[in-house]
Amino acid sequence: MQKITSKDNPNIKLYVKLAGGKKYRKENGMFTLEGVRLVEDAVKENAELHSVFVTESYVKKLAQQGEALNFPDSVRVFEIADEIGNKMSSTDSAQGIFAICKCLEKPYFSDMVRSGGRYLLLHSIQDPGNMGTIIRTADAVGVDAVFLADCCDLYNPKVVRSTMGSLFRLNVSEIDFDEDFPQFEKMGVPSFAAVIDSDAVSLTECDFSKGGVILIGNEGNGLSREVSNMCTERLTIKMQGNVNSLNAAMAAGIIMWELVK
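These remarks concern the structure in this document. (Residues numbered from 1 in each chain as written. Predicted model: local features only at pLDDT ≥ 70, side-chain atom pairs only at ≥ 80, totals over all residues. Heavy atoms only, no water.)

1. Regarding the sheet that holds strand S1 (residues 2-4)
- An order of S1-S4-S3-S5-S2 is seen for the five strands of this open sheet, with the pairing classed as mixed. This sheet does not close on itself; its edge strands, each paired only once, are S1 and strand S2 (30-34). This sheet shows a mean twist of 25° between the axes of neighbouring strands, independent of strand direction.
- Alignment of strand S3 (residues 49-55) against strand S4 (residues 76-80), held across five bridges, turns out to be parallel. (Pairing = 2+ DSSP bridges. Helix = DSSP H or I, 4+ residues; strand = E, 2+ residues; numbered from the N terminus. Axes fitted to C-alpha atoms, helices over the stretch in contact; angles between N-to-C directions.)

Shown next, in the form of structure tokens:
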């Protein structure tokens with residue numbers, strides 16, 4: 001295990017650039033992970049790790065617990081000074097382990113969509129925490145795949161962290177909405193636009209017996225009328241009391257539960 005003591009080391013610079021820029025992630029086909037759980041999930045799900053960084057304190061902690069680092073031989077493992085780890089961390093409580101991972105290979109859109117399938121399509125979601133939480137919920141309830149149209153970067157560190165490892169287990173794919181959305185109808189998959197509209201069908205009255213794809217829109221503006229009109233049906237969550245709207249992640253979770261039950 002090679003030791004790194006300078007923040008100017010090329011491997012540290014690579015991590016920092018990947019963590020900080022969508023363009024750099026896309027150009028290099030890699031993204032970053034931080035924390036024990038995420039790195040362990042990446043290994044468990046056979047994601048292709050490029051390199052792993054562990055702080056001196058983390059190595060000492062493992063030794064005290066009688067544990068050892070266990071990564072495939074192809075993964076380069078570096079021990080870094082604690083102060084470097086603190087600068088690399090994007091959280092207030094750094095756990096002392098970081099990794100660079102190759103972007104995940106997912107099936108083509110056409111290979112993921114089938115009649116009777118249950119899907120989620122996020123349109124213009126921009127909050128990384130919201131998107132990561134939605135992906136984690138989709139994994140938990142058993143949605144077949146999540147599609148992203150004009151959303152924030154899937155590999156944004158906040159998105160990755162919020163998925164809590166679901167990114168490695170669930171098929172999540174960025175799509176071209178204009179090109180790919182019509183394929184749902186061709187495959188016999190009904191589409192449901194989630195909207196806040198008293199004229200829309202109540203979620204509890206929707207027929208999901210043939211599966212479907214649920215469209216969730218931007219946190220602030222929802223789905224445009226143009227997009228919602230392209231769907232088979234417009235649905236809404238009928239709310240009680242003085243509640244007139246829900247967080248996008250919460251609404252998505254409620255709708256997905258109805259979709260898959």
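There's plenty left to go through after this.
2. Let's talk about helix H13 (residues 248-260)
- Spanning 13 residues, H13 covers 18 Å between terminal C-alpha atoms, matching the ideal 18 Å at 1.5 Å per step.
- Looking only at H13, the buried set comprises Ala-248, Ala-249, Ala-251, Ala-252, Gly-253, Ile-255, Met-256, Glu-258 and Leu-259. (Expected span 1.5 Å × (residues − 1). Buried < 20%, exposed > 50% of the residue type's maximum accessible area, 1.4 Å probe, protein only.)

3. Here we look at a negative patch on the surface
- On the surface, Asp-150, Asp-176, Asp-178, Glu-179 and Glu-226 cluster together to form a negatively charged patch.
- By the secondary structure assignment, Glu-226 is in helix H12 (residues 225-229). (Patch = residues over 30% accessible without salt bridge, like charges linked within 9 Å, V, L, I, M, F, W, Y side chains within 5 Å. Areas by Shrake-Rupley, 256 points an atom, 1.4 Å probe, with all protein chains shown as cover. Salt bridge = Lys/Arg side-chain N within 4 Å of Asp/Glu carboxyl O. Lys, Arg positive; Asp, Glu negative; His and termini not counted. Charge placed at Lys NZ, Arg CZ, Asp CG, Glu CD.)

4. Points about the pairing of S4
- Burial analysis of S4 places four of its five residues in the buried class, which makes it a mostly covered element.
- For S1 and S4, the ladder comprises three bridges, and the chain directions are parallel. Counted as the bridge partner of Lys-3 is Glu-79 from S4.

These figures come from the coordinates and say nothing about function on their own.
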